[in-house]
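Descriptive analysis of the structure
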Amino acid sequence: MQYGNRLKAQAVYLNSYQLYHWHGYVNYSVIFIIIVQVRNLILNGNSALVEAIEPTLEAIQAQIKRADTVHCDESGMRVEGKLNWLHVLATERLTYYAVHRKRGQEAMRDIGLLGDLQGYAIHDGWASYFKFETCLHALCNAHHLRELRFIFEQYQQTWASDMFSLLLDIKKDIEAISSEQTSLEPERLLYYEEQYDQLLREGFEANPLPEQPPPQKRGRTKQPKAKNSAGYAYKSTKS
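Residues numbered from 1 in each chain as written. Predicted model: local features only at pLDDT ≥ 70, side-chain atom pairs only at ≥ 80, totals over all residues. Heavy atoms only, no water.

So, on to the pattern of salt bridges. Applying the stated criterion across every chain, the model contains seven salt bridges. Residue Arg101 pairs with Glu106 through a salt bridge whose shortest N-O separation is 3.2 Å. Using a relative accessible area of 52% as the deciding quantity, one classes Arg101 as exposed. Put simply, Arg101, Lys102 and Glu106 are held in one network by salt bridges that share partners. (Salt bridge = Lys/Arg side-chain N within 4 Å of Asp/Glu carboxyl O. Buried < 20%, exposed > 50% of the residue type's maximum accessible area, 1.4 Å probe, protein only.)

The grouping of Val30, Ile34, Val38 and Ile42 at the surface amounts to a nonpolar patch, some 290 Å² of accessible area in total. Along the chain, Val30 turns up in helix 2 (residues 28-66). (Patch = residues over 30% accessible without salt bridge, like charges linked within 9 Å, V, L, I, M, F, W, Y side chains within 5 Å. Areas by Shrake-Rupley, 256 points an atom, 1.4 Å probe, with all protein chains shown as cover. Helix = DSSP H or I, 4+ residues; strand = E, 2+ residues; numbered from the N terminus.)

So, on to helix 5 (residues 158-176). When the terminal C-alpha atoms of helix 5 are compared, their 27 Å separation across 19 residues agrees well with the 27 Å that a helix rising 1.5 Å per residue should span. Along helix 5, the residues classified as buried are Trp159, Ala160, Met163, Phe164, Leu166 and Leu167. In a view along the axis of helix 5, the buried residues occupy a sector of 165 degrees, so they form one face of it. Exposed and oriented more than 90 degrees from the buried face of helix 5 are Thr158, Lys172, Glu175 and Ala176. (Expected span 1.5 Å × (residues − 1). Arc of directions from axis to C-beta.)

Across all of its chains, the model carries one cavity of 30 Å³ or more by this definition. In this structure, the largest cavity occupies an estimated 70 Å³ of space. What lines the largest cavity is simply Cys72, Asp73, His87, Val88, Leu89, Met108, Ile111, Leu113, Leu114 and Tyr129. Residues of the lining of the largest cavity, tallied by class, amount to eight nonpolar, one polar and one charged. (1 Å grid on protein atoms, 1.4 Å probe; cavity = no way out; pocket = protein on both sides within 12 Å on 5 of 7 lines; lining within 4 Å. Points joined across faces, edges and corners; volume = space filled by probe spheres on them. Nonpolar A, V, L, I, M, F, W, Y, C, P; charged D, E, K, R; others polar.)

Everything listed is a geometric property; what it means functionally is a separate question.
What follows is the structure, given as structure tokens:
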């Protein structure tokens, strides 16, 4: 961890500013002791905080496991100069953070929440999430919008732009419904489903699956003729 400007300023203050006012100064060894004591105060405070919030963390974990919808993500971060991963699981009101040295399935199982989810896990499509089968899976529309924008801007495929607008229209309608409603009106849902399916068909037509290569023949691979040291091909003969 690097020292910030405030701590640097405090060290300079102790060493130099006191000399001007008190006709003396705090020497380097004393300043070092002060900084070490501040460091120990922070470490002890962190340890006390961890113990104090343990019941709160357990309560958050329990509520996330029972939630209908949980948003999941993982982001790289540095811990003591090495790459670690900050895993996040969140509902509308709760957020749980966990730091792990790995990003994938091993880390998710060590954290111990995804394996107990019963509702929807919303994520970016990272393959490790699909290893958890007790929950349902839904992909994040923020990632969809990012990819749709890329397809339209890079390849000029209009279906991607139309799908981008459709997803935003659906979001706008969802946000406008009253608190008494649990979903959009059936007619509106049917309209959006038809539009969605049509744009998917256009997307598949614009991006057909590649042709499968012909299966390779079984058996030993035909070996080339051997070469002598002069580089000329020759055939072996019986003596």
